[in-house]
Amino acid sequence: MSNAPYNGYSWQQRARIIPAYRKLTGKHAPFEGEACAMCSDPNRPPGEWHSEDYSEPFSFQPPQSFPLCKPCHTRLHKRFKAPRGEWQLFCHHLEAGGYGAEFVKLHDLAERRALCERVASGAPIVFARIRPKEPGPHWWQNLTLDPESLSAPWARPRPLRPRPDHDAFLGAFKAVDLSDREITLLRIHAASPRRTATMRTLAREGLASDSYQAANSAYGGLARRLTSLLDWEPDLREDKSPFWMSVLAEGWTPPGREFELTMVPSAAMAVSELK
């Protein structure tokens, strides 16, 4: 496992999954004897596997974890820095029934470069059928190429820490007696692209204010009440003070931008049902 983030998880968070599996099962790695979940190569090296989801409790089965051969696993992680169109070209190869290890053998560098240009321009690509392949869509076909997904909380399939479920949030929203502006803040946040917004954006769009402190105060007060109702332990800041908003969202600071909050899916689902 490389010392790099993936799907919003740091390498330290990712590194916990292998010891957890060995402690749970006493085995070296899952998927013993299974073919690659991308190319179906039956000669997958033992111990070669991949996870899309490193939230706890860990899952060692699809759609969180998959057995992969080395070539597919390598290309999956390197897709962000690959030449434009190459990841899509590799996916076309897999759709034609090719094994990951056959890609560079069947298509030399000059051909791959020419085909990448066609893919990048939107031109259709058709590979001759190599062997039968189940029709898609396949889980690997829709993986993002956005490099921000490596570190962003919105890329996580699940929150890093388990959050209350949809019914718990809906019940808490009803019990907390939401004000109109609190409902507005919740709806704007849930409807934001990738359920992600800054406090300044929430203040401007929800409170008609240019002061992010206004959103901090209003939204933070609501989150504190929800934390109490849901009996949920909030995340702690570096100074050990409670981060009340963590009941509703996960935060991060993208390079060159303000601190952003990604609303957790169960809260966003409950917000969509607010009257």
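Definitions and cut-offs
Residues numbered from 1 in each chain as written. Predicted model: local features only at pLDDT ≥ 70, side-chain atom pairs only at ≥ 80, totals over all residues. Heavy atoms only, no water. Helix = DSSP H or I, 4+ residues; strand = E, 2+ residues; numbered from the N terminus. Buried < 20%, exposed > 50% of the residue type's maximum accessible area, 1.4 Å probe, protein only. Contact = heavy atoms within 4.5 Å. Areas by Shrake-Rupley, 256 points an atom, 1.4 Å probe, with all protein chains shown as cover. Pairing = 2+ DSSP bridges. Axes fitted to C-alpha atoms, helices over the stretch in contact; angles between N-to-C directions. Parallel < 35°, antiparallel > 145°, perpendicular 65-115°, else oblique. Left-handed = near helix turned anticlockwise from the far one by under 90°. Nonpolar A, V, L, I, M, F, W, Y, C, P; charged D, E, K, R; others polar. Phe/Tyr/Trp six-rings, centres within 6.5 Å; stacked < 30°, edge-to-face > 60°.

**Some remarks on the overall build of the protein chain**
If you tally the helices and strands in the protein chain, you get 11 helices and 7 strands. In terms of principal-axis extent, the alpha carbons of the protein chain reach across some 60 × 50 × 35 Å. With 275 residues in all, the protein chain has 46% of them scored as buried. A sequence separation of at least 24 residues applies to 65% of the contacts in the protein chain between residues at least 6 apart. Counting only carbon and sulfur atoms, one obtains 52% of the accessible surface of the protein chain, whose full area is about 14,700 Å².

**Focus on unusual backbone geometry**
Here the residue pair Pro62 and Pro63 is connected by a cis peptide bond, since its omega of 10° sits within 30 degrees of zero. Cis geometry marks the peptide bond from Gly136 to Pro137; its omega dihedral reads 5°. One non-glycine residue, Phe31, adopts positive backbone phi at about 65°. Along the chain, Phe31 turns up in the loop between helix 2 (17–25) and strand 1 (49–51).

**What to know about the pairing of strand 7 (residues 260–263)**
The side-chain alternation of strand 7 yields two buried faces, one formed by Glu260 and Thr262 and the other by Leu261 and Met263. Across 3 bridges, strand 3 (residues 196–198) lies against strand 7 in antiparallel orientation. Across the sheet, the residue bridging to Ala197 is Leu261, located in strand 7. Two strands pair when backbone bridges link them, and strand 6 (residues 249–252) and strand 7 are joined in this way by 4 bridges, in the antiparallel orientation. Paired with Trp252 across the bridge in strand 7 is Glu260.

**A word on the packing of helix 3 (residues 70–78) against helix 4 (residues 86–95)**
Between helix 3 and helix 4, whose axes approach to 10 Å, the crossing angle comes to 150°. With respect to helix 4, the axis of helix 3 lies roughly antiparallel. Helix 4 is crossed by helix 3, and the crossing has left-handed handedness. Only Glu86, Trp87, Phe90 and Leu94 of helix 4 make contact with helix 3, whose side of the interface consists of Cys72, Arg75 and Leu76. Partitioning the contact of helix 3 with helix 4 into residue classes produces 5 nonpolar, no polar and 2 charged.

**A few points about the packing of aromatic side chains**
Overall, the coordinates contain 11 aromatic pairs when judged by the stated rule. Aromatic pair Tyr21 and Phe60: ring centres 4.9 Å apart, planes at 70°, arrangement edge-to-face. Taken as a pair, Tyr21 in helix 2 and Phe60 in the loop between strand 1 and strand 2 (65–67) lie far apart in primary sequence, 39 residues in all. Overall, the relative accessible area of 7% leaves Tyr21 in the buried class. Of the residues examined, Phe60 reaches a relative accessible area of 11% and is grouped as buried. A ring pair is formed by Phe243 and Phe259, whose centres lie 6.2 Å apart and whose planes are at 75°; its orientation type is edge-to-face.

**Things to note about the environment of Lys78**
Of note, Lys78 is situated in helix 3. Lys78 gets classed as exposed once you look at its relative accessible area, which sits at 57%. Sequence spacing of Lys78 and Glu56 is 22 residues, and the spatial spacing of their C-alpha atoms is 25 Å.

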